[in-house]
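Summary of structural features
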Amino acid sequence: SKARKRLEQKPVFIERTRGSEILFGVAPCSLALSQSRRDLFRLFLKQGSGSRRLLMSEFVLQAMARGVPVHHVTGRELNALCSGQVHQGVCLEATPLRFKSLEEAEQPDLGDEESPNRQLIWLVLERLQDPMNLGAVLRSAYFLGVDRVVTSQRNSCPLTPTVSKASSGAVEVFDVYSTDDLQSFLKAKSAEGWEVVGTVKSPAEVENVPVISCSEFRWNKPILVVIGNEGDGLSLETQLLCHRMLAIPPGRVLHPGIESLNVSVATGILLHSICNQKLRRGD
């Protein structure tokens with residue numbers, strides 16, 4: 001019994017392929033297997049998954065179709081692979097996802113001069129740093145029909161396995177672009193006829209840019225919705241490039257200290273309000 005306990009306490013180590021990372025969770029691993037966006041090295045499944053046997057069999061079939069070796073390992077080994085994250089019995093060793101450059105992006109068709117511009121919505125993220133927030137934002141953007149996501153390259157969270165898990169795998173199927181000069185990007189799109197719409201916690205925080213409630217916002221041309229950093233919001237330089245700012249009105253008088261929403265929750269509310277108009281017009 002003591003020998004077994006010592007064995008169980010011994011750290012588990014599985015050597016990884018150089019340059020790889022470990023995806024974890026059912027949705028990220030399944031979607032990564034079904035796409036061709038990563039190089040895949042090994043699939044790790046928990047031994048004796050019992051009631052999840054059918055799901056694990058589907059993973060084996062997916063892996064076989066892609067030529068990915070399957071390893072059945074203990075729960076402790078899975079925990080070690082993903083540093084104790086919630087893996088749901090599945091880990092996948094693969095190359096990291098990278099942001100795409102805007103030069104790689106296909107230019108959208110905005111329509112000719114005789115027809116109104118197609119309603120496009122791009123989400124722009126300035127210095128979003130928390131992987132859980134980034135993942136949740138990408139999940140909402142994908143679900144609600146955002147056409148493209150662009151993030152600032154500096155001081156922003158990379159597309160880590162935690163981001164993939166928090167996005168429920170959306171990052172495995174939804175391209176994310178980055179730019180190393182966010183202000184120049186916004187100026188260029190504005191010159192092309194796009195409206196730049198910022199977001200703010202409180203109207204009192206903004207000068208020289210009109211602030212309206214998200215429920216009052218109406219749009220009929222391509223827009224960029226710009227979301228700021230978790231703590232500081234949008235930088236002053238970015239605020240001054242916005243044509244309008246959107247705020248979410250609270251439903252009650254708020255106590256000091258809890259006067260704002262989590263950035264991913266706020267983004268979901270704003271995107272629903274904006275994308276809902278796009279869907280109605282499309283109908």
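Check the entry above for the structure.
In short, a report on the structure. For clarity, every value in this text was computed on a predicted model and none was experimentally measured.

What counts and how
- Residues numbered from 1 in each chain as written.
- Predicted model: local features only at pLDDT ≥ 70, side-chain atom pairs only at ≥ 80, totals over all residues.
- Heavy atoms only, no water.
- Buried < 20%, exposed > 50% of the residue type's maximum accessible area, 1.4 Å probe, protein only.
- Helix = DSSP H or I, 4+ residues; strand = E, 2+ residues; numbered from the N terminus.
- Arc of directions from axis to C-beta.
- Contact = heavy atoms within 4.5 Å.
- Salt bridge = Lys/Arg side-chain N within 4 Å of Asp/Glu carboxyl O.
- Pairing = 2+ DSSP bridges.
- Polar contact = N/O pair within 3.5 Å; in protein donor to acceptor, adjacent residues only side chain to side chain.
- Phe/Tyr/Trp six-rings, centres within 6.5 Å; stacked < 30°, edge-to-face > 60°.

**Considerations on helix 7 (residues 182–191)**
Every α-helix carries 3.6 residues per turn, so stepping three or four residues along brings you back to the same face. Within the sequence span of helix 7, burial applies to Leu182, Phe185, Leu186 and Lys189. Down the axis of helix 7, the buried side of the element spans an arc of 95°, and every buried residue falls inside it. Exposed positions of helix 7 whose direction lies more than 90 degrees from the buried face are Lys187 and Ala191. As for helix 7, its buried residues are in contact with strand 6 (121–125), strand 7 (148–152), strand 8 (176–179), strand 9 (195–199), strand 11 (223–227) and helix 8 (236–239). The positive-phi residue at the C-terminal boundary of helix 7 is glycine 193, with phi of around 105°.

**Side note on the pattern of salt bridges**
Counting across every chain of the model gives 7 salt bridges. The closest approach of N and O atoms between glutamate 21 and arginine 38, which form a salt bridge, is 2.9 Å. Here glutamate 21 is found in strand 1 (residues 21–24), whereas its partner arginine 38 is found in the loop between helix 2 (26–34) and strand 2 (40–46), with 17 residues between them in sequence. With relative accessibility at 11%, the residue glutamate 21 sits in the buried group. Glutamate 192 is the partner of lysine 189 in a salt bridge, and the nearest nitrogen-oxygen pair spans 3.0 Å.

**What about the pairing of strand 1?**
A two-sided burial pattern is seen for strand 1, the buried positions comprising Glu21 and Leu23 on one face and Ile22 and Phe24 on the other. Bridging between strand 1 and strand 4 (residues 90–94) involves 4 bridges; their strand directions are antiparallel. Along strand 4, the bridge assignment pairs phenylalanine 24 with cysteine 91.

**Examining the side chain of asparagine 133**
Within the secondary structure, asparagine 133 is located in helix 5 (residues 131–144). A distance of 3.0 Å separates a polar atom in the side chain of asparagine 133 from a polar atom in the side chain of asparagine 262. In this view, asparagine 133 contacts Glu230, Asn262, Val263 and Ser264; residues no more than four positions away in its chain are not counted.

**Description of the packing of aromatic side chains**
Inspection of every chain in the model, using the stated rule, returns 3 aromatic pairs. Judged by centre distance (6.4 Å) and plane angle (5°), the ring pair of tryptophan 122 and phenylalanine 185 falls under stacked. Placement of tryptophan 122 in strand 6 and of phenylalanine 185 in helix 7 is noted, with a sequence separation of 63 residues between them. Here tryptophan 122 matches phenylalanine 185 in class, with each residue buried. Where tryptophan 122 meets tryptophan 194, the ring centres are 4.7 Å apart and the plane angle is 55°; that geometry is what we call tilted. Placement of the pair is tryptophan 122 in strand 6 and tryptophan 194 in the loop between helix 7 and strand 9, with a sequence separation of 72 residues. By the burial criterion, tryptophan 122 is buried, and tryptophan 194 matches it.

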